[in-house]
Amino acid sequence: IKHSKLVNIMTSITFDKISEDKTTGALFNVYFYTPGKNNSKKPIFLNIPSTKSIFGIETRYNNNYFKWTISSDIINNISLLENMLINSFTELAISSIKSKIIVKKGYPTMLETKLNKSASSSDIILHKPGEILTYNSLKNKKCTVKLQLRNISIQTRNNEHILYYNLEINEIALLHDK
C-alpha cells in the first residue's frame with residue numbers, strides 16, 4: 001500500500017458479511033472501494049520491501065506464521081490501514097483492534113503474517129525453474145513480501161467490539177545479493 005493511495009479521500013474500505021455466529025462473532029470480506037464509473041472493489045495489498053524474518057516460520061495451532069521486520073514507513077501504513085478499518089466499519093462501534101504490529105523490548109518491530117494453509121512453498125516463494133526453496137530456508141534472508149488483507153472478524157467481549165485481522169502472504173521474493 002502506498003501512503004498516498006491510503007489517504008486518497010475517494011478511496012474507502014467496504015465490507016461484505018460472510019457469516020455470523022454468537023460465539024465466534026461476524027466474519028467479513030474487506031476491500032478498497034473507489035466510487036466512480038464502475039464502483040470498483042479492489043483487494044487490499046501491502047508490499048514489504050527488503051525485510052527478513054529473524055525467527056523463520058512459526059506454527060501456532062494448525063496455522064503457520066512469519067514475523068517480518070518492518071520499517072517506520074510500513075508501521076505508519078499498517079497503522080493507517082488499521083485506523084481506516086476501524087473508521088470504515090460503522091455498523092458497530094469498534095472498541096479496539098488486535099494489531100499485527102509486534103513491539104517487544106530487545107527486538108526490532110515486526111509484523112505478523114499468516115500463510116494460506118492450502119498454498120505450498122513453491123506457490124508462495126518466487127523461484128527459478130528447478131530451484132527448490134522451502135519456508136525454513138527463509139530465516140534471516142532478505143525478502144520482499146506481498147501481503148493481502150482478505151477478511152476481518154469482529155467479536156464481542158464484555159460489550160466491546162474487537163476487530164481481528166490477518167495479513168495473508170501472497171508472495172515472497174528472496175533478494176539475492178549482487
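Structural data are supplied above this passage.
Enquirer: Help me get a handle on the environment of Lys114, residues and values and all.
Expert: Along the chain, the position of Lys114 falls in strand β9 (residues 110–114). Each C-alpha atom of the pair Lys114 and Gln148 lies 9.9 Å from the other, and the pair is 34 residues apart in sequence. The residues contacting Lys114, other than those within four sequence positions of it, are Asn63, Asn64, Tyr65, Asn166, Leu167, Glu168 and Ile169.

Enquirer: Can you tell me about the pattern of salt bridges, naming the residues and giving the values?
Expert: Applying the stated criterion across every chain yields a total of 6 salt bridges. In this structure, Glu58 engages Lys67 in a salt bridge whose closest nitrogen and oxygen atoms are separated by 3.2 Å. The shortest N-O distance in the salt bridge between Lys100 and Glu112 comes to 3.4 Å. With Lys100 in the loop between β7 (94–97) and β8 (101–102) and Glu112 in strand β9, this pair connects stretches of sequence that are 12 residues apart.

Enquirer: Talk me through the packing of aromatic side chains; I want residue IDs and the actual numbers.
Expert: For the structure on display, the rule yields 6 aromatic pairs. Ring centres of Phe15 and Phe28 lie 6.1 Å apart, and the angle between their planes is 75°; on these two criteria the pair is classed as edge-to-face. With Phe15 in strand β1 (residues 12–21) and Phe28 in strand β2 (residues 25–34), this residue pair connects regions lying 13 residues apart in the sequence. Across the pair, Phe28 and Phe15 agree in class, each one buried. Lys146 extends its terminal NZ or CZ atom over the ring of Phe45, reaching a point 4.6 Å from the ring centre.

Enquirer: For the layout of surface pockets, give the residues involved together with the corresponding values.
Expert: In this structure, the largest pocket encloses a volume near 430 Å³. For the largest pocket, the lining is made up of 19 residues, of which Leu27, Lys114, Ser153, Tyr165 and Asn166 are closest to its centre. Secondary structure elements with two or more residues in the lining of the largest pocket: β10 (143–157) and β11 (160–174). The greatest single-element share of the lining of the largest pocket, amounting to 7 residues, is contributed by β10. Looking at the lining of the largest pocket residue by residue, the class counts come to 6 nonpolar, 7 polar and 6 charged.

Reading the values: the criteria
- Residues numbered from 1 in each chain as written.
- Predicted model: local features only at pLDDT ≥ 70, side-chain atom pairs only at ≥ 80, totals over all residues.
- Heavy atoms only, no water.
- Helix = DSSP H or I, 4+ residues; strand = E, 2+ residues; numbered from the N terminus.
- Contact = heavy atoms within 4.5 Å.
- Salt bridge = Lys/Arg side-chain N within 4 Å of Asp/Glu carboxyl O.
- Phe/Tyr/Trp six-rings, centres within 6.5 Å; stacked < 30°, edge-to-face > 60°.
- Buried < 20%, exposed > 50% of the residue type's maximum accessible area, 1.4 Å probe, protein only.
- Lys NZ or Arg CZ within 6 Å of the ring centre and 35° of its normal.
- 1 Å grid on protein atoms, 1.4 Å probe; cavity = no way out; pocket = protein on both sides within 12 Å on 5 of 7 lines; lining within 4 Å.
- Points joined across faces, edges and corners; volume = space filled by probe spheres on them.
- Nonpolar A, V, L, I, M, F, W, Y, C, P; charged D, E, K, R; others polar.

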